[in-house]
Amino acid sequence: MPSSSSGCTFTCVSAKTTALTVLTAALLAPTVLVAPAHAAPPPPADGKGRPAKAPAPPASMSTVGGSLLGQPGTQVNLLPGAPALPTNLTGRSWIVADAESGEVLAANNAHWRLPPASTMKMLFADTLLPGLPKEQVHKVTDQDMEGVGPGSSLVGVKEDHEYSVHDLWLGVFLRSGNDAVHVLSAMNGGVEKTVKDMQAHAEELQALDTHVVSPDGYDAPEQVSSAYDLTLIARSGLQKKDFREYCGTASAKFPGLQEPGKPRDYFEIQNTNRLMTGAGGISPYKGIAGVKNGNTTMAGATFTGAAQQGSRKLLVTVMNPDAGGANSVYQETAALFDWGFAAAGKVKPVGELVPPKSADTSPHGSPAQSHENSPSADGAVPGGGAGTALGVAGGALALLAGGAYAVNRRWPRSRRTRGRDEELV
């Protein structure tokens, strides 16, 4: 795969449907179903639908990935020569992590359960992509489109028209099309089954802050995730070739009207990720490779991004900046990317992205355990659990020479097992 002018091997995005990142493919074992995490409904809304008063983060949260990640507020350990964090960050929750090692470089309320908006589609894709052949063609029925919420983002799927799975995934990733999500869910056995599959996969990934209610991320009571979980989910998805292709596509042709005896019409769709396309007055970010944005009344703006500069690959998630404005989530993400690339090697990690429960980590650690009485999105104590990890590290995502992908079934040892002097605190 050719290198870009910015030195990316993650491959920087072009305006073609073939743009890919180069994170290593990895196999995930079958999902393990455990008790789901739940959260209380969001606080009452004001006249504009936003919370009447911004809630404070819970006093304590899940400690999956390290005890510091369960504490409210900003967590960072700067070593001599490290740059200071940006001063204009307003996201209620955010995280900066190394995509290869899984080290969390800095975080703010990393496990605060908040509405995820369309970033939930990353979990949808990571769950369903392996089971739906991209060449499969489906004729959309009225029943397929039932349940698409009013005001949903749509790509333009029409009943009685045929679409390939490949077409539908482009609609999901580029236009955040809830219509495409519902059709793919129907092909997976229905929305109810898809929600259960997604919840099971979240538990397998140890994304224990996540509670799935709708597969498209549409606002729903108790539908929550966290900056930590969204980053974990993105990291899993980026190990799949098709996931990388779709989230790294800037623009594509989508099927339009299908009239008898006439060629199928097509229209262009563009990715809604402004750090990729430069829309809305935002400059494209150097080395950006995806992943997914979202915006709803309850969630505000949310975004998880992946970028590479040189050999360094970072993941950043920002949830609900208080600054307001359509570009604030992208501006704060870009600022955290800039900081992360400058700070790499100059900070002591404050946590780590854990591997899936079924990953081969022995004898390096143990999987997380669900627990009850975990704080919810508004700080209340719901009936379900988040989780506590015993500290196993993330997997290698190295690229082999010649653009070949290696499959690494074994995850590297945890920082906690390399010696007491390196233990995370």
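Keep in mind that this is a model prediction, so the values were computed, not measured.

Asks: Where do I start with the nonpolar core in this structure?
Replies: Side chains of nonpolar character tend, in soluble globular proteins, to be buried together. If you look at the biggest cluster of nonpolar residues, it comprises 64 residues, and the most contacted ones within it are Val 157, Trp 169, Phe 173, Leu 184, Tyr 228 and Phe 243. At seven residues, the largest contribution of residues to this core is made by helix α2 (residues 165-175). With residues up to four places along the chain from it excluded, the contact list for Phe 173 reads Ala 125, Phe 243, Tyr 246, Cys 247, Asn 271 and Lys 292. Within the second largest apolar cluster, 27 residues are counted, among which are Val 96, Met 276, Tyr 285 and Phe 337.

Asks: Would you mind going over the confidence of the model for the chain with me for this structure?
Replies: For residues with low pLDDT, the predicted coordinates do not support detailed interpretation. Taken residue by residue, the chain gives an average pLDDT of 79. The fraction at 70 or more is 72%. Predicted confidence is poor over residues 1-44, with pLDDT under 50, and the contacts of this stretch with residues over four places away or in other chains come to 153 contacts. Low pLDDT (under 50) marks residues 363-425, which in the prediction has 192 contacts with non-local residues, meaning those over four places away or in another chain.

Asks: It is not clear to me how the packing of helix α1 (residues 120-128) against α2 should be interpreted in this structure. Could you clarify?
Replies: Axes are the key here: two packed helices are described by the angle between their axes and the distance separating the axes. In the contact formed by α1 and α2, the axes pass within 10 Å of each other and the chain directions differ by 155°. Looking at the two axes, α1 sits roughly antiparallel to α2. Relative to α2, α1 is oriented so that their crossing is left-handed. Mapping the contact onto sequence places Lys 121, Phe 124, Ala 125 and Leu 128 in α1 and Trp 169, Val 172 and Phe 173 in α2. Residues belonging to the contact of α1 with α2 are distributed by class as follows: six nonpolar, no polar and one charged.

Asks: Help me understand the pairing of strand β11 (residues 312-321) in this model?
Replies: Burial runs high along β11: nine of the ten residues are buried. The sheet contact formed by strand β3 (residues 91-98) and β11 spans seven bridges and is antiparallel. Opposite Ser 93, over in β11, you have Met 319 as the bridge partner. As defined by bridge partners, strand β10 (residues 300-309) adjoins β11 across eight bridges and the pair is classed as antiparallel. Within β11, the residue paired with Phe 303 across the bridge is Val 318.

Asks: When you look at the side chain of Thr 194 in this model, what are you seeing that I'm missing?
Replies: With respect to the helices and strands, the residue Thr 194 is situated in helix α4 (residues 191-204). A distance of 3.0 Å separates polar atoms of two side chains, one belonging to Thr 194 and the other to Asn 188. Contact partners of Thr 194, with chain neighbours within four places excluded, come to Phe 124, Leu 128, Ser 185, Asn 188 and Pro 215.

Asks: Looking at this structure, how should I read the packing of aromatic side chains?
Replies: Each aromatic ring pair is specified by the distance between its two centres and by the angle formed by the two planes. Scanning the model with the defined rule gives nine aromatic pairs in all. For the ring pair Phe 124 and Trp 169, a centre distance of 5.4 Å and an interplane angle of 50° mean the geometry is tilted. Placement of the pair is Phe 124 in helix α1 and Trp 169 in helix α2, with a sequence separation of 45 residues. For the pair shown, Phe 124 and Trp 169 are each scored as buried.

Asks: Whenever I open this one, the pairing of strand β4 (residues 103-108) confuses me. Can you help?
Replies: Two faces make up the sheet, and in a regular strand the side chains alternate between them. The element β4 is extensively covered by neighbouring structure, given that five of its six residues are classed as buried. When strand β1 (residues 74-75) meets β4, the two strands line up antiparallel, connected through two bridges. The residue of β4 that forms the bridge with Thr 74 is Asn 108. Relative to β4, β3 runs antiparallel, the two sharing four bridges.

Asks: Can you walk me through α2 in this structure?
Replies: Owing to its 3.6 residues per turn, the α-helix aligns residues three or four sequence positions apart on the same side. Buried residues dominate α2, accounting for nine of its eleven residues. Listed in full, the buried residues belonging to α2 are Val 165, Asp 167, Leu 168, Trp 169, Leu 170, Gly 171, Val 172, Phe 173 and Leu 174. One or two residues past the end of α2 sits Ser 176, with phi positive at roughly 55°.

Asks: In this structure, what is going on with unusual backbone geometry? I would like to understand it.
Replies: With the exception of glycine, the majority of residues adopt a negative phi angle, and the majority of peptide bonds are in the trans configuration. A cis amide bond links Gly 290 to the next residue, Val 291, at an omega of 25°. Structurally, Val 291 is set in strand β9 (residues 288-296). The residue Gln 206 is not glycine, and still its phi comes out positive at about 70°. Looking at the element boundaries, Gln 206 is found in the loop between α4 and α5 (227-237).

Asks: Is there a simple way to explain the side chain of Asp 216 in this structure?
Replies: Relative to the helices and strands, Asp 216 is located in the loop between α4 and α5. Buried charge Asp 216 goes without a salt bridge, the closest partner of opposite sign being Lys 121 at 5.7 Å. Among all residues touching Asp 216, those that are not within four sequence positions of it are Ala 117, Ser 118, Lys 121, Asn 178, Val 181 and His 182.

Asks: Could you clarify how one ought to interpret the environment of Val 157 in this entry?
Replies: Among the secondary structure elements, Val 157 is positioned in the loop between β5 (137-139) and β6 (162-164). Its relative accessible area of 5% is what places Val 157 among the buried residues. Between the alpha carbons of Val 157 and Asp 179 there is a distance of 6.2 Å; along the sequence they are 22 residues apart. If near-sequence neighbours (up to four positions away) are discounted, Val 157 is found in contact with Val 140, Met 145, Tyr 163, Leu 168, Asp 179, Ala 180, Val 183 and Phe 254.

Asks: Would you explain a negative patch on the surface in this entry?
Replies: A surface patch of negative charge is lined by Asp 142, Glu 146, Glu 159 and Asp 160. Relative to the helices and strands, Asp 160 resides in the loop between β5 and β6. On the basis of relative accessibility, which here comes to 55%, the residue Asp 160 falls in the exposed class.

Rules behind the numbers
- Residues numbered from 1 in each chain as written.
- Predicted model: local features only at pLDDT ≥ 70, side-chain atom pairs only at ≥ 80, totals over all residues.
- Heavy atoms only, no water.
- Core = buried A, V, L, I, M, F, W, Y, C linked by side-chain atoms within 4.5 Å.
- Buried < 20%, exposed > 50% of the residue type's maximum accessible area, 1.4 Å probe, protein only.
- Helix = DSSP H or I, 4+ residues; strand = E, 2+ residues; numbered from the N terminus.
- Contact = heavy atoms within 4.5 Å.
- pLDDT = per-residue confidence, 0-100.
- Axes fitted to C-alpha atoms, helices over the stretch in contact; angles between N-to-C directions.
- Parallel < 35°, antiparallel > 145°, perpendicular 65-115°, else oblique.
- Left-handed = near helix turned anticlockwise from the far one by under 90°.
- Nonpolar A, V, L, I, M, F, W, Y, C, P; charged D, E, K, R; others polar.
- Pairing = 2+ DSSP bridges.
- Polar contact = N/O pair within 3.5 Å; in protein donor to acceptor, adjacent residues only side chain to side chain.
- Phe/Tyr/Trp six-rings, centres within 6.5 Å; stacked < 30°, edge-to-face > 60°.
- Lys, Arg positive; Asp, Glu negative; His and termini not counted.
- Salt bridge = Lys/Arg side-chain N within 4 Å of Asp/Glu carboxyl O.
- Patch = residues over 30% accessible without salt bridge, like charges linked within 9 Å, V, L, I, M, F, W, Y side chains within 5 Å.
- Areas by Shrake-Rupley, 256 points an atom, 1.4 Å probe, with all protein chains shown as cover.
- Charge placed at Lys NZ, Arg CZ, Asp CG, Glu CD.

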